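Residue strings, one per chain:
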Amino acid sequence: MHGLAQDGDEPYALTGERPIAGRLFSSLQLINSAVDARTNPIYHRHGIHRADYPVLDALARHRPTQVLAPTELARRLAITTGALTPRLDRLEAAGLIQRLSVPRDRRRLHIRLTPAGRRCVQAVGLDLSSHLQETVQSMGKNQLVELASLLKALERCLRT
């Protein structure tokens, strides 16, 4: 049997061919593992955990008030506030963020990057960008545009 397994086809254990969804999932896992193996040293060199960088990046990209409430930050990162709390704890302990009380409601907090946090996110971003550039330099512009488009489409599907 050639081509992709379709609904109604024999189970891949019998045919030796995996359905496209399984192959796609395996490829994404391999890509994720390879990216982690190559980028974790960058995060480590800058003294942060890989899960901390998106927090720093979201704070750096937020301009209007330079602060974000934890619930808004969690929403932007598509994680729970429970998953966000240990990240904030690590980043605060490292002096990269500040938790600020809201003057009229002490139960609420805002999160702000410190100058050290801003320097860290910029340095990590430059290192990651340089690494990514080296990784994809063998691909042509059209291939990169197509890949970016396909990944965006997959991201939209996974969010629904």
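The sections below set out a description of the structure shown in this document. (Residues numbered from 1 in each chain as written. Predicted model: local features only at pLDDT ≥ 70, side-chain atom pairs only at ≥ 80, totals over all residues. Heavy atoms only, no water.)

Section: the side chain of His62
Residue position: His62 is located in the loop between helix H3 (53-61) and helix H4 (70-77). At 3.2 Å, the side chain of His62 and the side chain of Arg76 are in polar contact. In this structure His62 touches Val67, Leu68 and Arg76, once residues within four positions along its chain are discounted. (Helix = DSSP H or I, 4+ residues; strand = E, 2+ residues; numbered from the N terminus. Polar contact = N/O pair within 3.5 Å; in protein donor to acceptor, adjacent residues only side chain to side chain. Contact = heavy atoms within 4.5 Å.)

A word on the packing of aromatic side chains
Within this structure, the stated rule accounts for one aromatic pair. Ring geometry for Tyr43 versus Tyr53: centroids 6.0 Å apart, planes at 35 degrees, classification tilted. Here the residue Tyr43 occupies a position in helix H2 (residues 20-45), and Tyr53 occupies one in helix H3, the gap between them amounting to ten residues. On the basis of relative accessibility, which here comes to 10%, the residue Tyr43 falls in the buried class. A relative accessible area of 13% places Tyr53 in the buried class. (Phe/Tyr/Trp six-rings, centres within 6.5 Å; stacked < 30°, edge-to-face > 60°. Buried < 20%, exposed > 50% of the residue type's maximum accessible area, 1.4 Å probe, protein only.)

Examining unusual backbone geometry
At Ala78, a position not held by glycine, the phi torsion is positive, near 60 degrees. In this structure, Ala78 sits in the loop between H4 and helix H5 (81-93).

What to know about the nonpolar core
Ile48, Val55, Leu56, Leu59, Leu73, Ile97 and Val124 are the most contacted members of the largest nonpolar core, which totals 24 residues. Top element by residues in this core is H3. It accounts for six residues. In contact with Val124, other than residues within four places in its own chain, are Ile42, Tyr43, His46, Ile48 and Tyr53. (Core = buried A, V, L, I, M, F, W, Y, C linked by side-chain atoms within 4.5 Å.)

Some words on a nonpolar patch on the surface
A grouping of Leu24, Leu28, Ile31 and Val35 is seen on the molecular surface, where their side chains present a nonpolar patch of about 320 Å² in accessible area. Of note, Leu24 is situated in helix H2. (Patch = residues over 30% accessible without salt bridge, like charges linked within 9 Å, V, L, I, M, F, W, Y side chains within 5 Å. Areas by Shrake-Rupley, 256 points an atom, 1.4 Å probe, with all protein chains shown as cover. Salt bridge = Lys/Arg side-chain N within 4 Å of Asp/Glu carboxyl O.)

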